[in-house]
Structures are given as structure tokens and as C-alpha cells.
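Coordinate inspection notes
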Amino acid sequence: MDVQQIFIHDTTWVFVAELIIRAALMFGMIIIFLRLTGKRGVRQLSIFELAIILSLGSIAGDPMFTENLPLVHALVVMAVVIAMYRLITWLMMKYQAFEDLVEGKSLYIVEDGELVLEKIKLGKMSHDEFFAEMRQQGVEHLGQVRVGLLESDGKFSMLFFQAEATRYGLPLFPKACQAIHRTEPHTYYACMYCGHVSLLEHANVVCPRCSKQQWTQAINTPYRA
Ligand SMILES: [Zn+2]
């Protein structure tokens, strides 16, 4: 193995200078093209936007360091990608079905303080993932949430019950959410799988909603933003 071969090969100072110019130009081009998409910034990317970023990234990458690759090639390809982006964005605004196809639909995860069962059964997401998301937005238990919607860009939108309308719900913080083995009278318990709340006779009752049998004590503290 020849270290000289790996690191330097036949690089000349002239080509190093060319690399510096190529990289600087392509970097400038990426910024100009991203501005042309009309996006303000990228916190959460939808699948479609991620595809654009990946395309631009690979288009910009090669001309940065490939000898004999004119930058005009990259320019043309980038222009095509941006034109596609604009066209698809326009089609998505015009046709809802097309948008659902490209971006994915938003999904109801929580309705009236309980998890929406079909979505969990489909395995589209893990409990932990959206429980973490809800905790970060200050939700203590599901009984505070009237509607929880998973947007197509992965963000979580929620509507809350008014303080006096807060229900008993499944606690989302680990310490408060421990499986019980005995039940107390006149106490509400929440199904740890679907969030269904019920007064239990004993700890082995099967959840009427999802047929699991793991319960934890429900809480009903109101939501404070
Ligand atoms: Zn259940």
C-alpha cells in the first residue's frame, strides 16, 4: 500500500486551485437553487423535499472534484430538478389526491383522549415515537388531548381539551405509567396500549377496545401551555 498514492496520486497544484473554484461555485449554486424552490428553511422535510435535497446534493457533488466535468452540465440538471419541483408543487396545490400520493397523508393518532387503533395496528408508527413528541409539547396524559394529528412532514399537531373538560387519560411520562397488579375501588385506569379509560373490577380485565390487558392508573391534570 502506498500512502502517497491514496492521498495525493497525481494531483497538481493547478488542479487544487481548480477544485477550490469548483467547490465554491457549486456551493453558491446550491444556495441559489434552494432559494429558487421558494422554501423558507428546512426543519422537518417531507419525503418529497428530501428527494429534492438529495438530488441537488448529488448533482452538486461530482462537479466539485471531477476533472473534465463542465459545470454547465450540473447547471442544466439542477434547472431540470428545480423545474420538476415547481411543477410537482403546483400539481399538489391543484389536486389533493396528487399531494397525498407524493407527500403522504396526515394521520389522526389521538381522538378524544384515546389512541386511534387502526393506525397502531397498521404499525405505521411506534408508541414511543409520538409519546415523546407529545411529552415535548408538554402533554402529561392522553386525557388532555382532544385531537392529535401526525402531519406528513412528521410534525405533531394537537388540540387540547379545556381545563374543565379534561378527561382521565393514559400518563405519558414513564414513572407515572407503570403496569398495575391490583385495583382500588372508584379509581380510573388506562389501557397502556390504546389509552382506553375504565373503572376496573380487577387488574386482569381485558380492554374492550383493543383486547390487551395491561393497565396503569389514569390521571386527569389539566393541560397548561
Ligand atoms: Zn386498549
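Remember, predicted model here, so these are calculated numbers, not experimental data.

Cut-offs and rules
- Residues numbered from 1 in each chain as written.
- Predicted model: local features only at pLDDT ≥ 70, side-chain atom pairs only at ≥ 80, totals over all residues.
- Heavy atoms only, no water.
- Buried < 20%, exposed > 50% of the residue type's maximum accessible area, 1.4 Å probe, protein only.
- Helix = DSSP H or I, 4+ residues; strand = E, 2+ residues; numbered from the N terminus.
- Arc of directions from axis to C-beta.
- Polar contact = N/O pair within 3.5 Å; in protein donor to acceptor, adjacent residues only side chain to side chain.
- Contact = heavy atoms within 4.5 Å.

**Some words on helix α7 (residues 127-136)**
- Among the residues making up α7, those that are buried are His-127, Phe-130, Phe-131 and Met-134. Taken around the axis of α7, the buried residues stretch over an arc of 105°, which confines them to a single face. Turned more than 90 degrees away from the buried face of α7, the exposed residues are Asp-128, Glu-129 and Gln-136.
- Two residues or fewer past α7, Gly-138 is found with a positive phi of approximately 80°.

**Digging into the side chain of Thr-166**
- Relative to the helices and strands, Thr-166 is located in the loop between β4 (156-160) and β5 (188-191).
- For Thr-166, a relative accessible area of 13% puts it in the buried group.
- Within the structure, Thr-166 has its side chain in polar contact with the backbone oxygen of Ala-163 (distance 2.9 Å).
- Dropping the residues within four chain positions of it, Thr-166 is found in contact with His-141, Gly-143, Gln-144, Phe-161, Asn-220, Thr-221, Pro-222 and Tyr-223.

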